[in-house]
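# What the coordinates show
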Amino acid sequence: MLDLGSGGGIDVLLSARRVGPTGKAYGLDMTEEMLALALANARKADATNVEFLKGTIENIPLPASTIDVVISNCVINLSVDKPAVFAETFRVMTPGGRIGISDVLAEDHLTISQQAERGTYVGCVAGALTFTEYRTQLETAGFTDIDITPAHQVADSMHSATIRATKPTTSDRSAISGEKPTKSYRGAAACCAHAEQAEDAVIRIKETAC
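Presented here is an overview of the structure given in this document. What you are looking at is a predicted structure, and each value in this text was computed from that prediction instead of being measured.

Conventions we followed
- Note that residues are indexed from 1 along each chain, following the sequence as it is written.
- Selection of residues for local features in this predicted model requires a pLDDT of at least 70, selection of side-chain atom pairs for listing and counting requires 80 or more, and totals for whole chains, interfaces and linings are taken over all residues.
- Note that the side-chain values use all heavy atoms of the structure and ignore hydrogens as well as water.
- Note on exposure labels: buried denotes an accessible area under 20% of the residue type's maximum, exposed denotes more than 50%, and partly exposed covers the range between, all computed with a 1.4 Å probe on protein chains only.
- To qualify as a helix, a DSSP run of H or I must reach at least 4 residues; to qualify as a strand, a run of E must reach at least 2; elements of each kind are numbered from the N terminus.
- The arc in question is the one spanned by the directions pointing from the helix axis to the C-beta atoms.
- Residues count as neighbours in contact if any of their non-hydrogen atoms are within 4.5 Å of one another.
- DSSP-based pairing: two strands are paired if at least 2 bridges between them are found.

### Here we look at helix 1 (residues 10-19)
By the burial criterion, the buried members of helix 1 are Val 12, Leu 13, Ser 15, Ala 16 and Val 19. Taken down its axis, helix 1 places every buried residue within 160° of arc, on the same side. Exposed side chains of helix 1 directed beyond 90 degrees from the buried face belong to Ile 10 and Arg 17. Taken together, the buried residues of helix 1 touch strand 1 (2-4), strand 2 (25-29), helix 2 (32-44), strand 3 (50-54) and strand 4 (67-73). In the stretch just after helix 1, Gly 20 is the one whose phi turns positive, near 80°.

### Overview of the pairing of strand 8 (residues 158-166)
Here strand 8 lies mainly inside the structure; eight of its nine residues are buried. As defined by bridge partners, strand 5 (residues 93-106) adjoins strand 8 across nine bridges and the pair is classed as antiparallel. Its bridge partner lying in strand 8, Ile 101 is registered against Ile 163. Both strand 7 (residues 144-155) and strand 8 contribute to a ladder of eight bridges, which runs antiparallel.

What follows is the structure in C-alpha cells.
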C-alpha cells in the first residue's frame, strides 16, 4: 500500500499491520522533517515492512503497477496539479487496485473565488475540487467504481468526504471496450492474505481528520 502525504507515518504503520510481514507499506512525503519523524516512529514501532520515500504526489517515485491500495488524508486537495496526482496514482497501482481517500470537496455551485472566501490552502479549503470535478478527474485518469461519500461540513457548502475508486483489470477494460483480454491480473484484494481482504485493506479515514 501507499500513503500519499504520509507525514509522521502513523497511517503507514497501521497499514503495515494489515498487509502483514509479506506485504509492504510505503509512505510518500516531500519534507525532510516529516520523513525524519516517520522513520523515528517506524523504529519505535519496530516495523520492518515499511519504507518512506521523499517526493511529490504529482511524480510518485515508484514503478508502474506495484501498489495494491493507495490512501491519502486531506493532502491531494493541496496539490495545484490534481490531474497529475490522479494520473500518477493510477500508474503505480496494480490492475484491480483500490484507493481510499479523505479530502475536502466543494458543492458544485461554488466558484473558485467563493471557495477562497471560505478558507485557505492550509485549511484544505481553497484548493478544493467540486464533487463533479473530483469524479470527472478520477474518470479521466481511468478509475472506475467511483464512490464519493460526504462526511461532515467543514465550511459553508464545503464538505469532508471519503472517496473510493478502483483501477480496472484488463478484463474489466475489455468488457467496457469490447476488446479481447490478452493477459490476466490479480484482483482487487490481491494484497490481502486471507478473508478479511474486502474492507480491512483500505484504512478507514477518521471523519475529523480534515
